[in-house]
Amino acid sequence: MELDINKLKFDKNGLIPAIIQDFETKQILTLAYMNKESLNISLEEKRTCFWSRSRNCLWRKGETSGNVQNIINISADCDYDSLLVEVIKTGPACHLGTNSCFTNTIYSDKNINRFSLESLISLIKERKINKKEGSYTTYLFEKGIDKILKKIGEESTEVVIAAKANDKPETIYEISDLFYHILVLMVQMDISVSDIKQELASRHVIDHKVKQEKMK
């Protein structure tokens, strides 16, 4: 059941903090503020609209930069005094051109592996744009799509061999190699993870409809 926004608790200035999160990666993008008007605009337009405390006016994210944030979900915390806004964005969230406003690390536990799929894709994209000498990824991009496809074929065969031998560790290793080369291909062809998710989601819907038809 959707929340009645009249239950929300705005501060003495009529504002409520809104944490903006990437719907797909779950990365925190920025912290902004909304008043009732900007929240209603956000709900109506399905895009983030904030109240700018510095300019003292409404601020539609992306109205000048084009980096809009399409709203997927808005939820309130347990006290109804802050919002979590999940979005799919079309560009950098920060006015400095970074993906997130939270880039100034104060503390980081060096014992924790912070690997993420997003960071790997970003690194692959970086290698395509700024060629690094000695980088295998750069080498693949320099050789072109034929080399990338050849490696995908080779790694696919390695996965089959490892799986046929029922060697789980080796299969994991070879799948990782294959997955990496597929990511390189995706970057080469400008295919995003979102593109794949959308394709899989469309197949799920179709499959669901087919099952419903069979049940009739």
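As a reminder, the structure under discussion sits directly above these lines.
Quick look at the structure, then. (Residues numbered from 1 in each chain as written. Predicted model: local features only at pLDDT ≥ 70, side-chain atom pairs only at ≥ 80, totals over all residues. Heavy atoms only, no water.)

What follows is about the pattern of salt bridges. If you walk through the whole model with that rule in mind, you get 6 salt bridges. Between Glu-86 and Lys-26 there is a salt bridge whose closest N-O contact spans 3.3 Å. Of this pair, Glu-86 sits in strand β6 (residues 83–89) while Lys-26 is found in the loop between β1 (16–22) and β2 (28–34), placing the two residues 60 residues apart along the sequence. You can call Glu-86 buried: its relative accessible area is 12%. Residue classification places Lys-26 among the partly exposed residues on the basis of a relative accessible area of 43%. (Salt bridge = Lys/Arg side-chain N within 4 Å of Asp/Glu carboxyl O. Helix = DSSP H or I, 4+ residues; strand = E, 2+ residues; numbered from the N terminus. Buried < 20%, exposed > 50% of the residue type's maximum accessible area, 1.4 Å probe, protein only.)

The next subject is helix α5 (residues 168–188). Compared with the 30 Å implied by 1.5 Å per residue over 21 residues, the 30 Å span of α5 between its first and last C-alpha is a close match. Buried within α5 are the following residues: Thr-171, Glu-174, Leu-178, Tyr-180, His-181, Leu-183, Val-184, Leu-185, Met-186 and Val-187. Near the N-terminus of α5, the side chain that reaches the backbone nitrogen of Glu-170, with its oxygen 3.1 Å away, is that of Asp-167. Backbone geometry just after α5 places Asp-190 at a positive phi near 55°. (Expected span 1.5 Å × (residues − 1). Polar contact = N/O pair within 3.5 Å; in protein donor to acceptor, adjacent residues only side chain to side chain.)

Moving on to the sheet that holds β1. Taken together, 4 strands build an open sheet; the order of strands is β2-β1-β6-β5 and the sheet is mixed. Single-partner strands in this sheet number two, and they are β2 and β5 (69–76). Across the sheet, the mean angle from the axis of one strand to that of its neighbour is 25°, orientation sign disregarded. Note that β1 and β6 share 5 bridges and pair parallel. Residue Ile-20 lies in a different strand from β6, and its bridge partner there is Val-85. (Pairing = 2+ DSSP bridges. Axes fitted to C-alpha atoms, helices over the stretch in contact; angles between N-to-C directions.)

Here the focus is the packing of aromatic side chains. Scanning all chains against the criterion turns up 3 aromatic pairs. Each member of the aromatic cluster is reached from another via a ring pair, and the members are Tyr-136, Tyr-139 and Tyr-180. The ring centre of Phe-23 lies 4.7 Å from the NZ or CZ of Lys-26, which sits over that ring. (Phe/Tyr/Trp six-rings, centres within 6.5 Å; stacked < 30°, edge-to-face > 60°. Lys NZ or Arg CZ within 6 Å of the ring centre and 35° of its normal.)

Next up on the list: the nonpolar core. Judged by nonpolar contacts, the single largest core of 15 residues is most densely connected at Ile-20, Met-34, Leu-83 and Val-85. At the level of elements, β1, β2 and β6 are the ones that each hand at least two residues to this core. Each residue touching Ile-20, except ones within four places of it in the same chain, is listed here: Gln-27, Ile-28, Leu-29, Thr-30, Thr-48, Phe-50, Gln-69, Val-85 and Val-87. Of all hydrophobic cores here, the second largest spans 14 residues; its members include Val-159, Leu-178, Leu-183 and Leu-185. (Core = buried A, V, L, I, M, F, W, Y, C linked by side-chain atoms within 4.5 Å. Contact = heavy atoms within 4.5 Å.)

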